[in-house]
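Structural overview for review
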Amino acid sequence: MSENRIKKYFPAFVVLPLMLCGCSGIPGKLLIMEANYKNSRGMYNEAITPYLKALDYADAAPYAEYGLGSVYFALGEEQAALDRFAKARKALEKLPPSENSELHYRIHYNTGVVLFSAQDFAGAANSFREALRVDGRRIDAKRNLELCILSLSRENLSVGIDEYENESMLILFDFIRQKELNQWRSREWTDEEEITGPDY
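In this report, the structure presented in the accompanying data block is examined.

Calculation criteria
- Residues numbered from 1 in each chain as written.
- Predicted model: local features only at pLDDT ≥ 70, side-chain atom pairs only at ≥ 80, totals over all residues.
- Heavy atoms only, no water.
- Phe/Tyr/Trp six-rings, centres within 6.5 Å; stacked < 30°, edge-to-face > 60°.
- Lys NZ or Arg CZ within 6 Å of the ring centre and 35° of its normal.
- Helix = DSSP H or I, 4+ residues; strand = E, 2+ residues; numbered from the N terminus.
- Expected span 1.5 Å × (residues − 1).
- Buried < 20%, exposed > 50% of the residue type's maximum accessible area, 1.4 Å probe, protein only.
- Contact = heavy atoms within 4.5 Å.
- Polar contact = N/O pair within 3.5 Å; in protein donor to acceptor, adjacent residues only side chain to side chain.

Brief notes about the packing of aromatic side chains
The tally for this structure, following the rule as stated, stands at 4 aromatic pairs. Residue placement shows Arg138 over the ring face of Tyr105; its charged tip is 4.1 Å from the ring centre.

See below:
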């Protein structure tokens, strides 16, 4: 699969710029903000130090681990990125899940991106499923999960998935895609009388 196709289906890593609702410590927040700024500007080596310093603050540590994972992936260090994402998941266990759901989603989603780039389609599919368990409304995760399943079926890499189960999943995702299309169509054809609220 060409790299252009991967980029088409997998949006670039997005650092969590200000999504630090769960971080109560000001020094930790400031370090994460500094590191995210440098990371978003492609200053990957410069971003590592503030992320490492932020690890000293319990409520900033999961964000720092996630940020380090995104930096390592950008630097081509896939295994280091996966290790940091795993540490971010573990650090999140100590914080309230409701305040950090976006980070939960992004850790699973970007783990899937890293695994897909390494052509571990079964592992990537599992990560995208976990991301959808956190937030089932995310279309990118749905599309990427479907792409993983299609890649598995095309290349006969059905690791842990027998042929019947693989075919069933393809039918299920075709059904989900059709339901989404019908939902968009029904919104387009809504009568004007049914629309309430201001008309801008």
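Some remarks on helix α7 (residues 121-134)
Along its 14 residues, α7 runs 20 Å from first to last C-alpha, staying within 8% of the 20 Å computed at 1.5 Å per residue. Those residues of α7 that fall on the buried side of the exposure criterion are Phe121, Ala122, Gly123, Ala124, Ala125, Ser127, Phe128, Ala131 and Leu132. The inward-facing, buried residues of α7 abut α6 (101-117) and α8 (139-154).

Quick notes on the side chain of Asp135
Among the structural elements, Asp135 can be located in the loop between α7 and α8. A polar side-chain atom of Asp135 sits 3.0 Å from a polar atom in the side chain of Arg138.

Description of helix α3 (residues 44-54)
Of the residues making up α3, those classed as buried are Ala47, Ile48, Pro50, Tyr51 and Ala54. Buried positions along α3 lie against α2 (26-40) and α4 (61-74).

Here we look at unusual backbone geometry
Within the chain, Gln119 stands out as a residue other than glycine whose phi angle is a positive 65°. Inspection of the secondary structure puts Gln119 in the loop between α6 and α7.

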